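A closer look at the structure
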Amino acid sequence: MQITGFDSFIIALTDDTGKIKTDNKSFNKNGLFYANASTSKGATQFNIQNISPAAQAIYGSDLRTESSVGVAAPTATFGANDLPIEITAALLGAGHDDTNKGYAVKRNKLVNAALVGVTHLGENKFYWAFPFGTVTQSGGMNWRTNNQNEVLVHDVFQFAAQARPADDLLYQFFSSGEAGFTEEAMLTHIFQGYTATAAPGVPGVAASN
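Here goes a summary of the coordinates provided. (Residues numbered from 1 in each chain as written. Predicted model: local features only at pLDDT ≥ 70, side-chain atom pairs only at ≥ 80, totals over all residues. Heavy atoms only, no water.)

Some thoughts on the nonpolar core
Ranked by size, the top nonpolar core spans 27 residues in total, and within it Phe 9, Ile 11, Phe 78, Leu 83, Leu 91, Val 135 and Phe 159 carry the most contacts. With four residues, strand 10 (residues 124–137) is the largest single contributor of residues to this core. In this structure Phe 9 touches Phe 33, Tyr 34, Ala 35, Ala 43, Phe 46, Phe 78, Gly 79, Ala 80, Leu 83, Leu 115, Val 116 and Gly 117, once residues within four positions along its chain are discounted. Counting residues in each nonpolar core, the second largest holds 18 residues, with Tyr 127, Ala 129, Phe 181 and Met 186 among its members. (Core = buried A, V, L, I, M, F, W, Y, C linked by side-chain atoms within 4.5 Å. Buried < 20%, exposed > 50% of the residue type's maximum accessible area, 1.4 Å probe, protein only. Helix = DSSP H or I, 4+ residues; strand = E, 2+ residues; numbered from the N terminus. Contact = heavy atoms within 4.5 Å.)

Re the environment of Gly 5
Looking at the element boundaries, Gly 5 is found in strand 1 (residues 4–13). Each C-alpha atom of the pair Gly 5 and Gln 158 lies 20 Å from the other, and the pair is 153 residues apart in sequence. The contacts of Gly 5, once residues within four sequence positions are left out, are Thr 119 and His 120.

Topic: the pairing of strand 4 (residues 55–60)
Pairing of strand 4 with strand 5 (residues 63–69), which is carried by six bridges, proceeds in the antiparallel orientation. If you follow Gln 56 over to strand 5, its bridge partner there is Ser 68. (Pairing = 2+ DSSP bridges.)

Here we look at the pairing of strand 9 (residues 112–121)
With respect to burial, strand 9 is a largely interior element, eight of its ten residues being buried. Where strand 9 meets strand 10, nine bridges bridge the pair, whose relative direction is antiparallel. Looking at the pairing, Leu 121 lines up with Asn 124 of strand 10. Where strand 9 folds back on strand 10, the antiparallel hairpin that results is connected by two residues, among which Gly 122 adopts a positive phi of roughly 65°.

Observations concerning the pattern of salt bridges
Inspection of every chain in the model, using the stated rule, returns three salt bridges. For the salt bridge of Asp 7 with Lys 125, the shortest nitrogen-to-oxygen distance reads 3.2 Å. Note that Asp 7 is positioned in strand 1 and Lys 125 in strand 10, a separation of 118 residues in sequence. Residue classification places Asp 7 among the buried positions, given a relative accessible area of 8%. For Lys 125, a relative accessible area of 22% corresponds to the partly exposed category. Salt-bridge contacts for Asp 167 lead to Arg 164; the nearest nitrogen and oxygen are separated by 2.8 Å. Exposure remark for Asp 167: the relative accessible area of 39% places this residue in the partly exposed category. (Salt bridge = Lys/Arg side-chain N within 4 Å of Asp/Glu carboxyl O.)

Okay, structure coming up:
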């Protein structure tokens, strides 16, 4: 399998059963946010790790006689050049302070989400989808002075995948070149509770750049 570049990522907040939330107005009416060139000055990375379980060698009589396999624990480090502050706040678990303004974090709480990375292979799109997991900020934020060039700080988050409670789905990948594939059907399957939309090409709605 050969892929090239990185188009965008799609993310939605979910409850602890994996059903997407639609009450945050920073996301579109279906509860999704599309990070792409239109909405976030471009998605920058989607680094997937630990997609296969680790194999453990078991020895006997001075030989490797068996192997045991653990449980896969996939993670995805994802980022964009400039996520809207409302989306960054939502992914940090921060709520808007209507009285004092700004976004406040009160008590630690899990931020559950579903996540899809979108890239391409020739004329076809390729999707790597995680239907359920938790989001945390990745690597902190290192503010530094400008010098001869501007020093920019970008948004980077870590997604730790979990099996979706409804069907034990851990991850799934798709190619738009497969016969019968549609993006809307894929979104409906991955984002539990998603309602199909007929508005491609609108910023914050279309998955492509």
